[in-house]
Amino acid sequence: MPKKIKVLIVDDSAVVRQTMVEILSSDPQIEVMSTAGDPFIAAERIRQEVPDVITLDVEMPRMDGITFLHKIMSQHPIPVVMCSSLTEKGSETALKALEYGAVEIIQKPRLGTKAFLEESRVRICDAVKAASQARLRRVSAVTHQVAPKLTADVIMEKPKSQAMMQTTEKVVVVGASTGGTEALRTFLESLPADCPGIVIVQHMPEGFTRAFSQRLDGLCRITVKEAENNDTVVRGRALIAPGNHHLLLKRSGARYYVEVKDGPLVSRHRPSVDVLFRSAARYAGKNAVGVIMTGMGDDGAHGMLEMKQAGALNIAQDEASCIVFGMPNEAIKLGGVDYVRPLDSISREVLRLCN
């Protein structure tokens, strides 16, 4: 039998701890090692037995989760999944958690809603399994500021024709998951102000993407914003899918725009990379460049293959620079990838292909 992933749950709410125990215990690959009501109790649990993954709340008594995360990652790195309600204020805190080395951030499940709890189960278990495979980095001790697996068919039908309307405008579509927030920062920071329009799906929960987009907008030469329905895709701007909503690339004449759409989880995610990539295959075809980055699972692999079949050129992040080499590897194995590049070379490759 394969070794189970041992998890330590740290949250000051007894109800949330019990809910997390039930969610994680439902997965045969995961074992809840212990729970703790605050970081001091958690530290004692870790001294007794080191877990494979920690799920960690942000706001707790005696010591907040961000401070505890920083201590863990600077002394003895352990994969950490932050579990937060992600209020608007908390979103900024969550971004700092990613900078301090958290592998993933998931939305704390709202209690009492069966459908939400089931979706939460899928997301939380997947996040823990992704974290268990992550390549960790030790951070400096000095603080620096800075459900069933559905396909995209449930959101949009397969294209009936590969025929393309006439246009020469290029568009870049990007998909990322675990480790993707920092990978996207590296990618977008290196792009010139007049780069082709970019549409991005990063797996993240509702209430997080606006602060994430604003942070990137302040760091990059291009404009970065959380996508809104009917936003036009223009040169020098990147649109990021809002959390908990699918994002599709559409076209009217020579104008590309995006559609923000509700719907079920696709490839176990909402937003889904497969949904974005399939829409790019249909509406941009050979005028699209696809990029698939670090993340667990296979979301985006089938959509990227459809893009290639429609004439697009596609890039995958290489294994050495990925936190988790799941999504790029699946796209490569399916045959949808034309180029495999390290993270710091992807922007140059994108610009070369667009030119």
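Before reading further, recall that the structure is shown in the block above.
Residues numbered from 1 in each chain as written. Predicted model: local features only at pLDDT ≥ 70, side-chain atom pairs only at ≥ 80, totals over all residues. Heavy atoms only, no water.

A closer look at the overall build of the protein
Helices and strands together make up the secondary structure of the protein, namely 11 helices and 14 strands. Here the protein holds 355 residues, and 57% of them are scored as buried. Per element, the accessible surface of the protein, about 14,600 Å² overall, is 50% carbon and sulfur. (Helix = DSSP H or I, 4+ residues; strand = E, 2+ residues; numbered from the N terminus. Buried < 20%, exposed > 50% of the residue type's maximum accessible area, 1.4 Å probe, protein only. Areas by Shrake-Rupley, 256 points an atom, 1.4 Å probe, with all protein chains shown as cover.)

Quick word on the pattern of salt bridges
Applying the stated criterion to the full structure yields 21 salt bridges. Salt-bridge contacts for Arg185 lead to Glu189; the nearest nitrogen and oxygen are separated by 2.9 Å. With Arg185 and Glu189 both in helix α6 (residues 180–189) and 4 residues apart, the pair spans about one turn of that helix. Look at Arg185 and you get partly exposed, because its relative accessible area is 23%. Residues Glu228 and Lys225 are paired through a salt bridge, measuring 3.1 Å at the closest nitrogen-oxygen approach. The exposure class of Glu228 is partly exposed, given its relative accessible area of 44%. Three or more residues joined by partner-sharing salt bridges are found here, namely Glu99, Glu182, Arg185, Glu189 and Arg215. (Salt bridge = Lys/Arg side-chain N within 4 Å of Asp/Glu carboxyl O.)

Topic: helix α11 (residues 343–354)
With 12 residues, α11 extends 18 Å from end C-alpha to end C-alpha; this agrees with the ideal 16 Å at 1.5 Å per step. Buried within α11 are the following residues: Leu343, Ser345, Ile346, Ser347, Glu349, Val350, Leu353 and Cys354. Contacts made by the buried residues of α11 are with β6 (171–176), α6, β12 (288–292), β13 (313–317) and β14 (339–341). (Expected span 1.5 Å × (residues − 1). Contact = heavy atoms within 4.5 Å.)

Points about the pairing of strand β4 (residues 80–84)
With 5 of 5 residues buried, β4 is to be regarded as a mostly interior element. Here β4 shows two buried faces, one formed by Val80, Met82 and Ser84 and the other by Val81 and Cys83. Where strand β3 (residues 53–56) meets β4, 3 bridges bridge the pair, whose relative direction is parallel. In the sheet register, Leu56 faces β4, and the bridge partner there is Met82. The parallel pair β3 and β4 is bridged by helix α3 (residues 65–75), and the resulting crossover is right-handed. Pairing of β4 with strand β5 (residues 104–107) involves 4 bridges; the strand directions are parallel. Bridging across to β5, Cys83 finds its partner in Ile106. (Pairing = 2+ DSSP bridges. Right-handed = clockwise from strand over helix to strand, strands pointing away.)

Overview of the sheet that holds β4
Strands sit in the order β2-β1-β3-β4-β5 across an open sheet of 5 strands; the sheet is parallel. With partners counted over all chains shown, the strands left at the sheet margins are β2 (30–36) and β5, one partner each. Taken over all neighbouring pairs, the strand axes of this sheet differ in orientation by 25° on average, direction set aside. Examined bridge by bridge, strand β1 (residues 5–10) and β2 share 6 bridges and lie parallel to one another. Among the inter-strand pairings, Val7 is bridged to a residue of β2, identified as Val32. Its contacts with the sheet place α3 against β3 and β4, and it is angled at close to 180° to β4. (Axes fitted to C-alpha atoms, helices over the stretch in contact; angles between N-to-C directions.)

Examining the nonpolar core
In this structure, Met82, Leu188, Ile198 and Met293 are the most contacted members of the largest nonpolar core, which totals 56 residues. Setting aside residues up to four positions removed in sequence, Ile198 forms contacts with Val172, Val174, Phe187, Leu188, Leu191, Ile222, Val233, Arg237, Ala238 and Leu239. Among the nonpolar cores identified, the runner-up in size contains 29 residues, and Val258, Ala288, Ile292 and Ala316 belong to it. (Core = buried A, V, L, I, M, F, W, Y, C linked by side-chain atoms within 4.5 Å.)

Considerations on the sheet that holds β6
Across the sheet, 7 strands lie side by side as β8-β9-β7-β6-β12-β13-β14; this open sheet has parallel pairing. Both outer strands of the open sheet, β8 (223–226) and β14, are each paired with one neighbouring strand and no more. Between one strand axis and the next, the sheet turns through 20° on average, direction left out of account. Pairing between β6 and strand β7 (residues 197–202): 6 bridges, direction parallel. Residue Gly175 lies in a different strand from β7, and its bridge partner there is Val201. Contacting β6, β7, β8, β9 (237–240) and β13, α6 runs over the sheet at an angle of about 170° to β7.

Observations regarding the packing of helix α8 (residues 273–283) against helix α9 (residues 301–309)
Direction vectors running N to C along α8 and α9 enclose 10°, while the axes themselves pass 7 Å from each other. Viewed along their axes, α8 and α9 adopt a mutual orientation that is roughly parallel. When α8 is examined against α9, the residues Asp274, Phe277, Arg278, Ala280 and Ala281 are found in contact with a partner set consisting of Ala301, His302, Gly303, Met304, Glu306 and Met307. (Parallel < 35°, antiparallel > 145°, perpendicular 65-115°, else oblique.)

Re the environment of Thr19
Locating Thr19 in the fold gives a position in helix α1 (residues 14–25). Classification of Thr19 by relative accessible area gives buried; the value is 12%. Distance from Thr19 to Arg121, taken between C-alpha atoms, is 9.8 Å for residues 102 residues apart in sequence.

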